[in-house]
Amino acid sequence: MPLLSGLLIDGVEHREGGVILSTRVLSSTARCHGCQQPSARVHGRYLRQLRDLATAGIGLILQVQVRRFRCDNVACTVVTFAEQVDGVTTPHARFTPGLRVTLTEIGLALAGRAGARLAAVLGMPAGRDTLLRLVKVLPDPTATAVTVLGVDDFAFRRGRHYGTVLIDMATHRPIEMFDGRDGNSLAAWLRQHPEVEVICRDRAGGYGEGARQGAPDALQVADRFHLWMNLGQAVEKTVNAHRAGLAAPTPPPAGDTAPEVVQPLPEKKIVTRLRANYTAVQELTAQGMSKAAIGRKLGLHQATVRKFANARSIEDLTAVTEQRTHVVGPFTGYLHQRWNEDERNATQLFREIQQKGYPGGELAVQRYLRSFRKGRGHAPHPGPKPPTVRQVTSWIMTHPDRVDSRDAAKLRDIRNRDQSLDRLVKHVRAFAVMMTSRHGDRLDDWITAAENDTMAPLAGFARNLRRDIDAIRNGLTLPHSSGPVEGSINRIKMIKRQMFGRAGLSLLRKRVLLAR
């Protein structure tokens, strides 16, 4: 019969679970695992079953007749030992080394349930607990010297439980994960790795302080992506504060007819409530009351009180409310036209816009037309719909060469009408040139110019840059980027979803550090 890795095949049997090969070891001697001396004294025999890699989707089981030998070395503590076949058997194993490696790779790639389903299809059935056990016993990757380190946090459960991942920026591979995102854990790790010279991080204060404590001589580099994102948030707030100037002026009516006096719409109830709460919180804060005491007095949550206390003006709070797009919004032009044509039946108007794709209900149409019934008489003449705050923000934050020509023309009109937004565009483009061309030496001048301008959100963003100005200047000067870190965070999210968010740190760490 043929040989198989030092085994002599005595027989082949087909069963429901696959093919069973009856084998025995060809060699007449074996080496003691204690003293490594060969022995030919057979003490006994027993049958051992090992599952091997599948062939053509058919499971393969090796039934090996194993002998036990007596050790002839009187100085050895081992009395009897079982023979092992290189590449086929290992002590106490139910799998051959080849099958164990394959199942381990399946476990790393797909974890428990999904891995078990794939293994069964491939003819190598294994339970999900078996796959997870194989992954957990893997040794950690060999530690190497890291000169450029990336650090960021990830969520086990968003808003409640976070962890930290460290990335070797030279290989773009994760090298460590630990629970929590405080600076003390990062500082402790850095003290054990004094070779770190550059630390790429976001602008979170905890990691900045941990880097200063653990590696005071290392350069800290702030992530440019987060800088640009924070600038975009300041731009959106600024545009929202000037949203009244986004609409083109209405052309005067033709002829000598005097323009119709249009009464302003009544203030929304939610805006009135926000205004009252904002005024009360500001007054109580000026009296020296704590946020908790103000919350108890006004019946507000402490986080809400903090939002009112930190707001620069009531416009900052009502901005989001005013930005909400009504479900009737896309059809207001048609409603205005029909209303001015003396069609005052809300049900009829609802049916007409429903045929044009209106997805809402009749009650929303009635509420929208109610303001015209209370004294306005005529709806404003339909005109071009002004761009939204987010649209204008997108135009400002996009490279001029990549903005559509029609949108660029709209942005030029807005800049011509509003000098504040014109200055905002200039500030943003100066920051973009500084960031993409690595001119960190211009940062101080840019911050000063933004702080001296009248746009509060932009000035607040500029003042906040001073808190971490060294790391930000390095981020705008050095070529290092946190892109690989963000890529690893996305990969961690994928692995978490694959395990339905139920993986603990030990299993998640193994899969992140070892999976290819």
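Residues numbered from 1 in each chain as written. Predicted model: local features only at pLDDT ≥ 70, side-chain atom pairs only at ≥ 80, totals over all residues. Heavy atoms only, no water.

K.L.:
What exactly am I supposed to notice about the overall build of the chain here?
P.N.:
Broken down by element type, the chain carries 21 helices and 13 strands. Per-residue burial over the chain gives 41% buried out of 516 residues. Contacts in the chain between residues at least 24 apart in sequence constitute 58% of all its contacts with a sequence separation of at least 6. Carbon together with sulfur atoms contributes 51% to the accessible area of the chain, which is approximately 29,100 Å² in total. (Helix = DSSP H or I, 4+ residues; strand = E, 2+ residues; numbered from the N terminus. Buried < 20%, exposed > 50% of the residue type's maximum accessible area, 1.4 Å probe, protein only. Contact = heavy atoms within 4.5 Å. Areas by Shrake-Rupley, 256 points an atom, 1.4 Å probe, with all protein chains shown as cover.)

K.L.:
Quick question: what am I supposed to make of helix 15 (residues 405–417) here?
P.N.:
Two residues of an α-helix separated by three or four positions point the same way, owing to the 3.6 residues in each turn. Look at helix 15: 19 Å from first C-alpha to last across 13 residues, which is about the 18 Å you get at 1.5 Å a residue. Burial in helix 15 covers these residues: Ala408, Leu411, Ile414 and Arg415. Within helix 15, the buried residues cover an arc of 120° as seen down the axis, which keeps them to one side. Exposed and oriented more than 90 degrees from the buried face of helix 15 are Ser405, Arg406 and Asn416. (Expected span 1.5 Å × (residues − 1). Arc of directions from axis to C-beta.)

K.L.:
I would appreciate a short explanation of the state of the cysteines in the present structure.
P.N.:
When the sulfur atoms of two cysteines share a covalent bond, that bond is a disulfide. According to the stated counting rule, one finds zero disulfides in the structure shown. The thiol of Cys76 is not disulfide-bonded; the next cysteine sulfur, from Cys32, is found 3.8 Å away. (Disulfide = S-S within 2.5 Å.)

K.L.:
I keep staring at the pattern of salt bridges and nothing clicks. Help me out?
P.N.:
Close approach of charged atoms lets side chains of opposite charge pair. This structure, assessed with the given rule, holds 18 salt bridges. Measuring nitrogen to oxygen at the nearest pair gives 2.7 Å for the salt bridge that ties Asp153 to Arg181. Of this pair, Asp153 sits in strand 9 (residues 148–157) while Arg181 sits in the loop between strand 11 (173–179) and helix 4 (183–191), and the two are 28 residues apart along the sequence. A relative accessible area of 18% means that Asp153 is categorised as buried. Judged by its relative accessible area of 41%, Arg181 is partly exposed. The partner of Glu176 in a salt bridge is Arg509, and the shortest N-O contact between them spans 2.8 Å. Residue Glu176 is located in strand 11, and its partner Arg509 is located in helix 21 (residues 505–514); the two are separated by 333 residues in the primary sequence. Side by side, Glu176 and Arg509 carry an identical accessibility label, which is buried. Through salt bridges with shared partners, one network takes in Asp140, Glu176, Arg509 and Lys510. (Salt bridge = Lys/Arg side-chain N within 4 Å of Asp/Glu carboxyl O.)

K.L.:
Looking at this model, I keep getting lost on unusual backbone geometry. Mind explaining?
P.N.:
For residues other than glycine, phi is negative in most cases, and the peptide bonds are mostly trans. Phi angles above zero are rare outside glycine, and His172 is one such case at about 65°. One can find His172 in the loop between strand 10 (161–168) and strand 11. At Arg438, a position not held by glycine, the phi torsion is positive, near 60°. Here Arg438 is to be found in the loop between helix 16 (419–436) and helix 17 (443–452). We classify Arg438 as partly exposed; its relative accessible area is 30%.

K.L.:
What is the right way to look at the packing of aromatic side chains in this model?
P.N.:
The way to describe two aromatic rings as a pair is by their centre distance and the angle between their planes. Taken as a whole, this structure holds seven aromatic pairs when the rule is applied. Centre to centre, the rings of Phe69 and Phe81 are 6.0 Å apart; their planes meet at 20°, and the pair counts as stacked. Pair noted here: Phe69 is in strand 7 (residues 58–70) and Phe81 is in strand 8 (residues 80–82), with a separation of twelve residues, a long-range link. Residue classification places Phe69 among the buried positions, given a relative accessible area of 0%. Seen in terms of ring centroids, Phe331 and Tyr358 are 5.6 Å apart; in terms of plane orientation they differ by 85°. Their pairing is edge-to-face. Within this pair, whereas Phe331 is found in the loop between helix 10 (314–323) and helix 11 (332–340), its partner Tyr358 is found in the loop between helix 12 (346–355) and helix 13 (362–376), the two being separated by 27 residues in sequence. The pair formed by Phe331 and Tyr358 is uniform in burial state, with each residue classed as buried. The rings of Phe331, Phe350 and Tyr358 are connected pair by pair, giving a single aromatic cluster. Taking the ring centre of Phe308 as reference, the NZ or CZ of Lys307 above it sits at 5.8 Å. (Phe/Tyr/Trp six-rings, centres within 6.5 Å; stacked < 30°, edge-to-face > 60°. Lys NZ or Arg CZ within 6 Å of the ring centre and 35° of its normal.)

K.L.:
What is the right way to look at the environment of Thr388 in this model?
P.N.:
In this fold, Thr388 is placed in the loop between helix 13 and helix 14 (389–397). Judged by its relative accessible area of 33%, Thr388 is partly exposed. Between the alpha carbons of Thr388 and Leu246 there is a distance of 8.0 Å; along the sequence they are 142 residues apart.

K.L.:
Help me out: how do you make sense of a positive patch on the surface in this one?
P.N.:
A contiguous patch of positive charge, built from Arg113, Arg117, Arg128 and Arg502, is present on the exposed surface. Its location among the elements puts Arg502 in the loop between helix 20 (483–498) and helix 21. (Patch = residues over 30% accessible without salt bridge, like charges linked within 9 Å, V, L, I, M, F, W, Y side chains within 5 Å. Lys, Arg positive; Asp, Glu negative; His and termini not counted. Charge placed at Lys NZ, Arg CZ, Asp CG, Glu CD.)

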